[in-house]
Number of protein chains: 2
Amino acid sequence: MKVDSAFSHHNHHQCQTSAVEQARQLCEKNGVRFTKLREQLFTLIWQSHKPVTAYKLLDQIKGSDFSATPPTVYRTLDFLLDQGLIHRINSLNAFIGCCQPGKRHTGTFMICEQCDHALEVDNTNILNAIQKVSHQHNFQVKNYITEIYGFCPQCQSEKDNSEVQS
Amino acid sequence: MKVDSAFSHHNHHQCQTSAVEQARQLCEKNGVRFTKLREQLFTLIWQSHKPVTAYKLLDQIKGSDFSATPPTVYRTLDFLLDQGLIHRINSLNAFIGCCQPGKRHTGTFMICEQCDHALEVDNTNILNAIQKVSHQHNFQVKNYITEIYGFCPQCQSEKDNSEVQS
DNA sequence: AAATAAATGTTATAGTATTACATTATCTCT
DNA sequence: AGAGATAATGTAATACTATAACATTTATTT
Ligand SMILES: [Zn+2]
Ligand SMILES: [Zn+2]
Ligand SMILES: [Zn+2]
Ligand SMILES: [Zn+2]
């Protein structure tokens, strides 16, 4: 899976399928259960590279075998977060599949304000900068998240065609 | 006002008073009104260096001259956000006074998971790293926020005394 | 003073998340 | 296989966060 796929055309079905398979294997490796419910919700989260809210997922499991109530969804989201299989985008109250599960998480996202796609980037410079500033302030880092808002390559060119540049 | 004051003992009353005064002057300079309601809520937000939720503020204006309803609070928060006088901490659904109003905002916070205090840091390295990675992905940055979680200096030493170090 | 614009009041509702307890499915051990 | 323990899911209620729509009041402009 290519890192920039969130912002470019690609075979997303394959993208999704391989993410599910990878999640299954990681769960097995970690001795936790990738149940039908978890698989179904994880698959739904991977339906696109747009962060999706818990209640959207709730709507989508209506009619399935599972209880379409908030705890069903939130419990499963908590599991997937714990396993590092998904991330939460705080500013959107939404969830998105992790592109490097099992590897170190940088928690850095570029979020397009036009098309809502979010790209997770693994960036050492940001991590280094965070560690440096934290050290300067004698702050012991446990976790961090960086959410970058703006316009993805696609949406920039569309804007260029329709707006006067500043 | 010292930058690290959120994590250290200081004369917070003076800290709060000068923040209110600075806000008043900035509003005057920008031709917007720093009304009684806005001043009262801004003062409440500056009651400490802990991010505070809208509904906590709502509780606190009960008994005042103002209508203690959500729109009252949210509208005022929106105004203060627009003027760059406060920030929103996305992961906490909470608001905190800005330490450098009028200056460039980096939107970087170190948040102590133990004592809830949050320190806004103005850090060029993080900004540079974000601009660099955004440029690499041809992403046009409009805004960003970095929330760093961990333990502040005070809470670290308390932990050191009560826990075995790893 | 009248007209306009800005701010606040008021009511209702939408959206997000958790608590507590009951039931079912799976695992472990004999 | 069966009993007991653990994990996962079902269910009902509630708490928390935020916005929409419209009315009224206050401040500004002419
Ligand atoms: Zn894809
Ligand atoms: Zn886009
Ligand atoms: Zn202070
Ligand atoms: Zn602390």
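About the thresholds
- Residues numbered from 1 in each chain as written.
- Chains lettered and ligands numbered in written order.
- Predicted model: local features only at pLDDT ≥ 70, side-chain atom pairs only at ≥ 80, totals over all residues.
- Heavy atoms only, no water.
- Donors = N, O, S within 2.8 Å, 3.2 Å for Na, K, Ca; no water.
- Tetrahedral: all angles 85-135°; square planar, octahedral: opposite > 155°, others 65-115°.
- Helix = DSSP H or I, 4+ residues; strand = E, 2+ residues; numbered from the N terminus.
- Buried < 20%, exposed > 50% of the residue type's maximum accessible area, 1.4 Å probe, protein only.
- Near = heavy atom within 4 Å.
- Polar contact = N/O pair within 3.5 Å; in protein donor to acceptor, adjacent residues only side chain to side chain.
- Contact = heavy atoms within 4.5 Å.
- Buried area = accessible area lost by both parts, 1.4 Å probe.
- Nonpolar A, V, L, I, M, F, W, Y, C, P; charged D, E, K, R; others polar.
- Pairing = 2+ DSSP bridges.
- Domains from an automatic or database assignment.

Digging into the coordination of the zinc ion (ligand 4)
Residue and element names in this part refer to chain B.
Logical step 1: Donor atoms from the polypeptide that bind the zinc ion (ligand 4) are Cys 112 (SG), Cys 115 (SG), Cys 152 (SG) and Cys 155 (SG), placed at 2.2 to 2.3 Å.
Logical step 2: In this structure, the zinc ion (ligand 4) is surrounded by four donor atoms whose angles at the metal cover 103 to 115°, and the resulting shape is tetrahedral.
Logical step 3: Counting gaps between the donor residues of the zinc ion (ligand 4) yields the pattern C-x2-C-x36-C-x2-C. Highlighted residues: Cys 115 in the loop between strand 3 (108-112) and strand 4 (118-120) and Cys 152 in the loop between strand 5 (140-151) and helix 6 (153-162), separated in sequence by 37 residues. Both residues of the pair, Cys 115 and Cys 152, count as buried.

Let's talk about the coordination of the zinc ion (ligand 1)
The textbook angles at a metal center are 109.5 degrees for a tetrahedron of four donors and 90 or 180 degrees for an octahedron of six.
Residue and element names in this part refer to chain A.
Logical step 1: Note on the zinc ion (ligand 1): its protein donors are His 10 (NE2), His 12 (ND1), Cys 15 (SG) and His 49 (NE2). The metal-donor distances range over 1.9 to 2.4 Å.
Logical step 2: Coordination at the zinc ion (ligand 1) is tetrahedral: its four donor atoms span angles of 103 to 119° at the metal.
Logical step 3: Accessibility expressed as a relative area gives 17% for His 12, which makes it buried.
Logical step 4: For Cys 15, a relative accessible area of 5% corresponds to the buried category.

Things to note about the protein's contact with DNA strand D
Logical step 1: Around DNA strand D sit 19 residues, and of these Thr35(A), Arg75(A), Arg33(B), Tyr55(B) and Arg88(B) come closest.
Logical step 2: Close to the protein, within 4 Å, the atoms of DNA strand D are drawn from sugar and phosphate at a rate of 58%.
Logical step 3: One of the side-chain nitrogen or oxygen atoms of Tyr55(B) is found 2.6 Å away from a base nitrogen of DNA strand D.
Logical step 4: With respect to DNA strand D, the side chain of Tyr74(B) contributes an N or O atom lying 2.8 Å from a phosphate oxygen.
Logical step 5: Among the secondary structure elements, those contributing two or more residues to the surface near DNA strand D are helix 2 (36-45) and helix 4 (70-82) of chain A together with helix 4 (70-82) of chain B.

Some details on the interface of chain B and chain A
Logical step 1: Contact with chain B, which involves 38 residues of that partner, is made by 38 residues of chain A.
Logical step 2: Taken together, the two surfaces of chain B and chain A that pack against each other cover about 3100 Å², and 62% of this comes from carbon and sulfur.
Logical step 3: On the surface where chain B and chain A come into contact, there are 11 residue pairs in polar contact (both at pLDDT 80 or more).
Logical step 4: The set of elements that each furnish at least two residues to the side of chain B that touches chain A consists of strand 3, helix 5 (124-136), strand 5 and helix 6 of chain B.
Logical step 5: Top element by residues in the side of chain B that touches chain A is strand 5 of chain B. It accounts for 12 residues.
Logical step 6: Broken down by class, the residue content of the side of chain B that touches chain A amounts to 20 nonpolar, 13 polar and five charged.

Things to note about the pairing of strand 2 (residues 94-97) of chain B
Residues and elements named next belong to chain B.
Logical step 1: Burial of strand 2 is two-sided: the residues Ala 94 and Ile 96 facing one way and the residues Phe 95 and Gly 97 facing the other way are all buried.
Logical step 2: Of the strand pairs in this sheet, strand 1 (residues 86-89) and strand 2 are connected by four bridges, and their pairing is antiparallel. Note that in strand 2 the partner of Ile 89 across the bridge is Ala 94.
Logical step 3: Counting the residues between successive antiparallel strands, the hairpin from strand 1 to strand 2 contains four residues, one of them, Asn 93, with a positive phi of roughly 50°.

Considerations on the domain arrangement of chain A
Residues and elements named next belong to chain A.
Logical step 1: Domains assigned within chain A are domain 1 (9-98) and domain 2 (105-166).
Logical step 2: Facing the 14 residues of domain 1 at the interface are 12 residues of domain 2.
Logical step 3: Considering only the surface of domain 1 that becomes buried against domain 2, Lys 50, His 87 and Ile 89 emerge as the three largest contributors, covering 40% of it.
Logical step 4: In this assembly, domain 1 and domain 2 are joined by five residue pairs in polar contact (both at pLDDT 80 or more).
Logical step 5: Only strand 1 (86-89) and strand 2 (94-97) provide two or more residues apiece to the side of domain 1 that touches domain 2.
Logical step 6: For the side of domain 1 that touches domain 2, the element with the highest residue contribution is strand 1, accounting for three residues.
Logical step 7: Taken together, the residues of the side of domain 1 that touches domain 2 sort by class into five nonpolar, seven polar and two charged.

Some words on the protein's contact with DNA strand C
Logical step 1: As a structural note, the neighbourhood of DNA strand C is formed by 19 residues, with Arg33(A), Tyr55(A), Arg88(A), Thr35(B) and Arg75(B) the closest of them.
Logical step 2: The share of sugar and phosphate among atoms of DNA strand C within 4 Å of the protein is 56%.
Logical step 3: Between Tyr55(A) and DNA strand C, the recorded distance is 2.6 Å, taken from a side-chain N or O atom to a base nitrogen.
Logical step 4: Thr35(B) is positioned such that a nitrogen or oxygen atom in its side chain is 2.6 Å from a phosphate oxygen of DNA strand C.
Logical step 5: Of all the secondary-structure elements, those providing two or more residues to the surface near DNA strand C are helix 4 of chain A together with helix 2 (36-45) and helix 4 of chain B.
Logical step 6: Among the residues forming the surface near DNA strand C, the class breakdown is seven nonpolar, six polar and six charged.

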